[in-house]
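Chain and residue survey
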Amino acid sequence: MSVVLNHTDSGGEGTPLIIIHGLFGSGDNWRSHRRHWQSNYRVITLDLRNHGQSPHTPGMSYTAMAGDVLALMDSLGIDSAHLLGHSMGGKVAMSLAREFPKRVQSLIVADIAPVVYDHHGHNNVFAALNSVAGAHPADRSEADALMAEHVSERAVRLFLATNLVRREEGGLCLRIGWEEIETGYEDIIGLPAGEKAFDGPALVVRGGRSPYVSEDSIPALYGVLPQAEIVTLDGAGHWLHAEQPDAFQRSVDEFLTAL
């Protein structure tokens, strides 16, 4: 059964552009990009299941998450759209494009490949979230100190802190379904859903400093997206859309304009 996703719809008459965030993110992470594109497109940002303000529910398979996005499209009367997905959201977008290609006008994938990733990549993050969830810290400084025991990178802690909200009874808690995410982690690091290639236009934007779209993963990428154009943002890491927003927007603009 699909989940009713929280979303923001810019409205307008332009072709729909649906933006799908990555693991531990939310649609709010894409507000500046939504403002940039909404003059030319009907931009929809969403919260995937167990993220942002969307419902918490068991199951993080790409079939299920793509089904959630498809149900959102149906509810908004969108027959087809450009899909833009970052990281986990890129695999969701690939899954929807492979399983329902007629619903996808083009596909934009930000720094992810259709491969299985390392099982231990987020163990420290789950430990940090667990420490915060169990402590109900009084403020963000206290929450940061708890997370710092497990995650040394301040930028990562600040990103995780976007999921903190204040409880009515005092203290902070996590708005994401981190336990459901951790239980479904094997699916998250696995392959996108679908068996066929998506033959439509596709753009893959990767960070030059990111290991997520390595040269070794390129054959698998072309196996799923045979028409893909690959653009590398030199100096950018995995959060390339936040590190180099202007360059990222230019890459997407040039791709969409050329369609």
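Before any of the text, the structure's been laid out above.
Predicted model, so just to flag it, every value in this text is computed and none were measured. (Residues numbered from 1 in each chain as written. Predicted model: local features only at pLDDT ≥ 70, side-chain atom pairs only at ≥ 80, totals over all residues. Heavy atoms only, no water.)

Let us look at the overall build of the protein chain. If you tally the helices and strands in the protein chain, you get 11 helices and 9 strands. Here the C-alpha atoms of the protein chain give a radius of gyration of 18 Å, agreeing with the 18 Å that 2.2 N^0.38 yields for 259 residues. For the C-alpha atoms alone, the extent of the protein chain along its principal axes is close to 50 × 40 × 35 Å. Residues counted as buried form 53% of the 259 residues belonging to the protein chain. Carbon together with sulfur atoms contributes 48% to the accessible area of the protein chain, which is approximately 11,400 Å² in total. The centroid of the 19 positive side-chain charges in the protein chain is displaced by 4 Å from the centroid of its 32 negative side-chain charges. (Helix = DSSP H or I, 4+ residues; strand = E, 2+ residues; numbered from the N terminus. Rg over C-alpha atoms; globule rule 2.2 N^0.38 Å. Buried < 20%, exposed > 50% of the residue type's maximum accessible area, 1.4 Å probe, protein only. Areas by Shrake-Rupley, 256 points an atom, 1.4 Å probe, with all protein chains shown as cover. Lys, Arg positive; Asp, Glu negative; His and termini not counted. Charge placed at Lys NZ, Arg CZ, Asp CG, Glu CD.)

As a further point, take helix H3 (residues 88–99). Here H3 contains 12 residues, and its C-alpha end-to-end distance of 17 Å stays within 8% of the 16 Å for a straight helix at 1.5 Å per residue. Burial analysis of H3 places 11 of its 12 residues in the buried class, which makes it a mostly covered element. Restricting attention to buried positions, one finds in H3 the residues Met88, Gly89, Gly90, Lys91, Val92, Ala93, Met94, Ser95, Leu96, Ala97 and Arg98. Along its buried surface, H3 packs onto strand E2 (16–20), helix H2 (62–75), strand E4 (81–86), strand E5 (104–110), helix H8 (185–188) and helix H9 (218–224). (Expected span 1.5 Å × (residues − 1). Contact = heavy atoms within 4.5 Å.)

Moving on to the layout of surface pockets. A volume near 830 Å³ is recorded for the largest pocket. The wall of the largest pocket is formed by 36 residues, among which His122, Phe159, Tyr212, His238 and Trp239 lie closest to the centre. Breaking the lining of the largest pocket down by element, the ones donating at least two residues are H3, helix H4 (123–135), helix H6 (154–161), H8 and helix H10 (240–243). No other element matches the 5 residues that H6 contributes to the lining of the largest pocket. In terms of residue class, the lining of the largest pocket is made up of 20 nonpolar, 12 polar and 4 charged. (1 Å grid on protein atoms, 1.4 Å probe; cavity = no way out; pocket = protein on both sides within 12 Å on 5 of 7 lines; lining within 4 Å. Points joined across faces, edges and corners; volume = space filled by probe spheres on them. Nonpolar A, V, L, I, M, F, W, Y, C, P; charged D, E, K, R; others polar.)

Right, let's talk about the pattern of salt bridges for a bit. The final tally for this structure, using the stated rule, is 8 salt bridges. Note that aspartate 144 and arginine 154 form a salt bridge whose closest N and O atoms lie 3.8 Å from each other. Taken together, the residues span a long stretch of sequence, with aspartate 144 in helix H5 (residues 140–148) and arginine 154 in helix H6 at a distance of 10 residues. Among the salt bridges present, the one from aspartate 144 reaches arginine 157, with a minimum N-O distance of 2.8 Å. On the criterion of sequence distance, the pair formed by aspartate 144 in helix H5 and arginine 157 in helix H6 is long-range, its members being 13 residues apart. A residue is classified by how much of its surface remains accessible, and aspartate 144, at 17% relative accessible area, is buried. Put simply, Asp144, Arg154 and Arg157 are held in one network by salt bridges that share partners. (Salt bridge = Lys/Arg side-chain N within 4 Å of Asp/Glu carboxyl O.)

For the rest of this paragraph, the subject is the side chain of asparagine 163. Within the secondary structure layout, asparagine 163 lies in the loop between H6 and strand E6 (164–166). Since its relative accessible area comes to 0%, asparagine 163 is described here as buried. The residues contacting asparagine 163, other than those within four sequence positions of it, are Phe24, Cys173, Leu174, Arg175 and Ile176.

Spatially, E1-E3-E2-E4-E5-E8-E9 is the arrangement adopted by the 7 strands of the open sheet, whose pairing is mixed. Taken across any chain shown, the strands that pair with only one partner, and hence form the sheet edges, are strand E1 (7–9) and strand E9 (228–233). With direction set aside, neighbouring strand axes in the sheet form an average angle of 15°. Direction of pairing for E5 relative to strand E8 (residues 202–207): parallel, over a ladder of 4 bridges. (Pairing = 2+ DSSP bridges. Axes fitted to C-alpha atoms, helices over the stretch in contact; angles between N-to-C directions.)

Further remarks concern unusual backbone geometry. In this structure, aspartate 111 is a non-glycine residue whose phi angle is positive, near 55°. Assignment of secondary structure puts aspartate 111 in the loop between E5 and H4. A relative accessible area of 0% means that aspartate 111 is categorised as buried. Positive phi outside glycine occurs at histidine 136, with the angle close to 45°. Structurally, histidine 136 is set in the loop between H4 and H5.

Residues in a regular strand project their side chains so that they alternate between the two faces of the sheet. Here E2 lies mainly inside the structure; 5 of its 5 residues are buried. As judged from the 5 bridges shared by E2 and strand E3 (residues 42–46), these two strands associate in the parallel manner. When the sheet's bridge partners are listed, leucine 17 is paired in E3 with valine 43. Note that the unit made of E2, helix H1 (residues 31–37) and E3 has a crossover that is right-handed. Note that E2 and E4 share 4 bridges and pair parallel. Its bridge partner being in E4, isoleucine 18 is matched across the sheet by leucine 83. (Right-handed = clockwise from strand over helix to strand, strands pointing away.)

These values are about where atoms sit, not about what they do.
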